[in-house]
Amino acid sequence: EDHPAYQAMLGYAKLRYRLMPYIYSVGARVYLEDYTMMRGLIMDFGNDPKVQDIGDEYLFGPGILVNPVTDYRARKRSVYMPAGTNWFDFYTGEFITGGQSRMMDAPLDHMPLLVRSGSIIPAGPAMEYTTQHPQDTLYIHVYTGDDAHFDLYADDGTSYAYEQGAYSIIPMDYTESSGSLIVGDKTGGFTGDLTDRYLRIIWITPQHGSGFMQLPKGRAKRYRGKAITFQRPKNY
């Protein structure tokens, strides 16, 4: 268990479970909207000619830029961040201007990941399997710089009842000009749906970076299916 390769695999497993609300919601878009989970850069950045020949980077859902490391024993790799938006380092929250390449560290335990400005990435608690804990506490990462929208999807997780409409969607909208995040009215529902959720907001700005695995302190705000608003702190 103390082998570096084991620790790397364990780290990715933990990250997957933290990201489950995001992954599950993006998967729902594949079913509901014919979306694609793994997206070549040309699909979202067609106005940037530099992405046309990039075959070793992709978007995972709408917000996460993935940069696999395929060279044997490489511990760095060049990453191009598409123009038309800016980016945040997934692990540190560092702000990076789009339209440039950068040599980024790629230690064995993580590949370079970035998040585009104007993204909402919901995360759940640390788990070892999907039903270990109810996802009644959510950490909502708001990557500022542009307006953002995300639909948080949920269903019973065990049946095909979603095919008959047994699922819920909670819309989330961030407005850059006002610095406000509105978690809107929940629509739909299913057997076993949570009536209460507790939301903690993590604001990631150029002046205040935050790594994804850093959990915020302070009290969470209860969400009971009706719209509530969160305001970005003035000093952010």
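To be clear, the structure that these remarks concern was listed above.
Residues numbered from 1 in each chain as written. Predicted model: local features only at pLDDT ≥ 70, side-chain atom pairs only at ≥ 80, totals over all residues. Heavy atoms only, no water.

Student: Requested: an account of the overall build of the protein chain, with residues and values cited.
Tutor: Within the protein chain, the regular secondary structure consists of three helices and 17 strands. The C-alpha radius of gyration computed for the protein chain amounts to 18 Å, which stays within 12% of the reference 18 Å derived for 236 residues, consistent with globular compactness. By principal-axis analysis of the C-alpha atoms, the protein chain measures approximately 50 × 45 × 35 Å. Taken over 236 residues, the protein chain has a buried fraction of 41%. When contacts within the protein chain are restricted to residue pairs at least 6 apart in sequence, those whose partners lie at least 24 apart make up 62%. A total accessible area of about 12,700 Å² is found for the protein chain, and carbon and sulfur atoms account for 51% of it. (Helix = DSSP H or I, 4+ residues; strand = E, 2+ residues; numbered from the N terminus. Rg over C-alpha atoms; globule rule 2.2 N^0.38 Å. Buried < 20%, exposed > 50% of the residue type's maximum accessible area, 1.4 Å probe, protein only. Contact = heavy atoms within 4.5 Å. Areas by Shrake-Rupley, 256 points an atom, 1.4 Å probe, with all protein chains shown as cover.)

Student: So what's going on with helix α2 (residues 20–33)? Which residues, and what values?
Tutor: With 14 residues, α2 extends 19 Å from end C-alpha to end C-alpha; this agrees with the ideal 20 Å at 1.5 Å per step. The set of residues buried in α2 consists of Met20, Pro21, Tyr22, Ile23, Ser25, Val26 and Ala28. Buried residues along α2 sit in contact with α1 (4–18), β2 (58–60), β3 (64–66), β9 (119–123), β10 (137–143) and β11 (148–154). Taken from the residues just after α2, aspartate 34 is the one with a positive phi, measuring 60 degrees. (Expected span 1.5 Å × (residues − 1).)

Student: Explain the environment of methionine 81 residue by residue, including any values.
Tutor: Mapped onto the elements, methionine 81 comes out in strand β4 (residues 76–81). Each residue touching methionine 81, except ones within four places of it in the same chain, is listed here: Leu65, Trp87, Ile96, Gly98, Gly99, Gln100, Ser101, Arg102 and Leu114.

Student: Give a description of the pattern of salt bridges that names residues and reports values.
Tutor: Counting across every chain of the model gives 12 salt bridges. We note a salt bridge from lysine 76 to aspartate 105, for which the minimum N-O separation is 2.5 Å. With a gap of 29 residues between them, lysine 76 in strand β4 and aspartate 105 in strand β7 (residues 100–105) connect regions that are remote in the sequence. Via salt bridges that share partners, Arg39, Asp44 and Arg116 belong to a single interconnected network. (Salt bridge = Lys/Arg side-chain N within 4 Å of Asp/Glu carboxyl O.)

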